[in-house]
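These are the residues of each chain, in order.
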Amino acid sequence: MLFPKKTRFLNSLTPVIAGLLISISCVSVNPNPPSHQIQPSPTPINPVTILHKSGQEMTLLDSFQFELTHRNGRGSPANGFLLSEATGLIEKPEKIRVIATMLLGNLVIEGELITTNQGSFIRNPLTNRWANIEPEVSPLNFFDPEEGIMRIMDNVINPSLQSQDEYHFIIDGALPADTLSPIVGTTTTNNVEVSIWINRESLLMTKAEILGVLHPQDDIGMVRIMKISRFNESLDITLPNME
């Protein structure tokens, strides 16, 4: 046979070349090589800006519902009784309806007050009859949730972003106690701790928790919880039936 050594040499190269071709064919080439450019950092969230914008959005509301409850305590001392729970319906212009559970010693009383530009009316908890009264003599004459919310948004000291989730920013800070007088009446002069929940999408305040002494007779460790809801709903605040 002619050229036997050359033939054997070529035969030995065949599997080597085939292996190289297979290896090359398996290598994928990325048409879009990764960029080595530095990506910009996300803009930090400024709690002061969030509070300011939330305050602006709250002033634009035509109506909302406000609830006050307490944790680790019986209620807020006010005008000789304990305000245990209160629900306020606020509707512009100048309409408010308040339903409050009050403690007078061991007696539980549910009071109701309706105020419009046509006057103020209170429901007697014993007879369930309504009476026309002057606003300043009402046991809930201090209760103005709309003013209280605006004061909270405008007076948070050293606000910080405590956490955030898909739905809310939660901002912590401090408040002068008298900021809350439109909600709980007469207060002390110290500062209290506050946590505020603000909806990420609407920037409306939906909840606040206040920890600290607002009144000398406060239960130690009591937390006041405020919830705001029913934004811009029709709340149908009308004058009571006087019959």
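Counting starts from 1 at the beginning of each chain's written sequence and moves along it residue by residue. Local features in this predicted model are restricted to residues of pLDDT 70 or higher, and side-chain atom pairs are both shown and tallied only at a pLDDT of 80 or more, whereas totals for entire chains, interfaces and linings draw on every residue. Working from all heavy atoms in the structure, the side-chain values ignore hydrogens and water.

Chemist: Mind laying out the pattern of salt bridges, listing which residues take part and the relevant values?
Modeler: Two side chains of opposite charge can pair, provided their charged atoms sit close to one another. Salt-bridge detection follows one rule: a side-chain nitrogen of Lys or Arg within 4 Å of a carboxyl oxygen of Asp or Glu. Counting across every chain of the model gives 10 salt bridges. Here E146 ties to K92 by a salt bridge, and the two come within 4.0 Å at their closest N and O atoms. Separated by 54 residues along the polypeptide, E146 in helix α3 (residues 145–154) and K92 in the loop between β3 (81–91) and β4 (95–104) bring together distant segments of the chain. Partly exposed residues are those whose accessible area sits between 20% and 50% of the maximum for their type, while under 20% is buried and over 50% is exposed, using a 1.4 Å probe and protein chains only. According to the relative accessible area criterion, E146 is partly exposed, its value standing at 29%. A salt bridge links R123 to E112; its shortest N-O distance comes to 2.9 Å. Of the two residues, R123 is situated in strand β6 (residues 119–123) and E112 in strand β5 (residues 107–116); the sequence distance between them amounts to 11 residues. By relative accessible area, which is 12% here, R123 ends up buried. Assessed through its relative accessible area of 8%, E112 is described here as buried. Taken together, the shared-partner salt bridges connect R97, E110, E112 and R123 into one network. Strands here mean DSSP runs of E at least two residues long; helices mean DSSP runs of H or I at least four residues long; both are numbered from the N terminus.

Chemist: Lay out the pairing of strand β9 (residues 168–176) with the relevant residues and their values.
Modeler: Here strand β8 (residues 157–164) runs beside β9; their pairing, made up of five bridges, is antiparallel. Looking across to β9, one finds that S163 is bridged to I170. Two strands are counted as paired when DSSP detects at least two bridges linking them. With antiparallel pairing between neighbouring strands as the criterion, β8 and β9 make up a hairpin whose turn holds three residues.

Chemist: Give a description of the environment of K207 that names residues and reports values.
Modeler: Tracing the backbone shows K207 in strand β11 (residues 205–211). Apart from the residues within four sequence positions on either side, K207 is in contact with S195, I196, W197, I225, M226, K227 and I228. Whenever two N or O atoms come within 3.5 Å, that pair is a polar contact, provided that in protein one can donate a hydrogen and the other can accept it, and provided that, for residues adjacent in sequence, both atoms are side-chain atoms. Among the polar contacts listed, one links the side chain of K207 to the side chain of E209, at a separation of 3.3 Å. Between two residues, a contact is recorded if the distance between any of their heavy atoms is within 4.5 Å.

Chemist: Go over unusual backbone geometry, please, and point to the residues and values.
Modeler: Cis rather than trans, the peptide bond between K92 and P93 has omega equal to -5°. Backbone geometry places N158, a non-glycine residue, at a positive phi of 50°. Relative to the helices and strands, N158 is located in strand β8. Owing to a relative accessible area of 68%, N158 belongs among the exposed residues under this scheme. A positive phi angle, near 55°, is found at D236, a position not held by glycine. Mapped onto the elements, D236 comes out in the segment after β12 (223–229).

Chemist: If you had to explain the nonpolar core to someone new, which residues and values would you point to?
Modeler: In this structure, F66, I149, L180, I183, I196, M205 and M226 are the most contacted members of the largest nonpolar core, which totals 43 residues. In this structure M205 touches S54, M58, I149, I152, M153, I196, W197, I198, I228 and F231, once residues within four positions along its chain are discounted. In these notes, a set of buried Ala, Val, Leu, Ile, Met, Phe, Trp, Tyr and Cys residues joined through side-chain atoms within 4.5 Å is what counts as a nonpolar core. In this structure, L89, F121, W130 and I237 belong to the second largest nonpolar core, which totals six residues.

Chemist: Which residues make up helix α2 (residues 47–59), and what values do they have?
Modeler: Working rule for helices: expected span equals 1.5 Å times residues minus one. Over its 13 residues, α2 extends 18 Å from the first C-alpha to the last, a length consistent with the 18 Å expected when each residue adds 1.5 Å. Three or more residues of α2 are buried, namely P47, I50, L51, S54, G55 and M58. The buried residues of α2 all sit within an arc of 135° when viewed along its axis, so they share a single face. Residues of α2 that are exposed and point over 90 degrees away from its buried face: V48 and H52. Buried-residue contacts for α2 involve α3, β8, β9, β10 (191–199), β11 and β12. N-cap assignment for α2: the residue whose side-chain oxygen lies 2.9 Å from the backbone N of V48 is N46. Along the arc lie the directions from the helix axis toward the C-beta atoms.

Chemist: Can you lay out the packing of α2 against α3 for me, pointing to particular residues and giving the numbers?
Modeler: For the pair α2 and α3, the least separation of the axes is 9 Å and the interaxial angle reads 160°. On the basis of their axis angle, the class for α2 and α3 is roughly antiparallel. Along this stretch, α2 crosses α3, giving a crossing that reads as left-handed. Of α3, the residues touching α2 (which contributes L51, S54, G55, M58 and T59) are I149, M150 and M153. To get an axis, fit a line to the C-alpha atoms, keeping to the stretch in contact for a helix; angles then go from 0 to 180 degrees between the N-to-C directions. Throughout this description, any angle smaller than 35 degrees is read as roughly parallel, any larger than 145 degrees as roughly antiparallel, any in the 65 to 115 degree range as roughly perpendicular, and the remainder as oblique. Handedness of a crossing is defined here by the sense of rotation of the near helix relative to the far one, left-handed for an anticlockwise turn of less than a right angle and right-handed for a clockwise turn.

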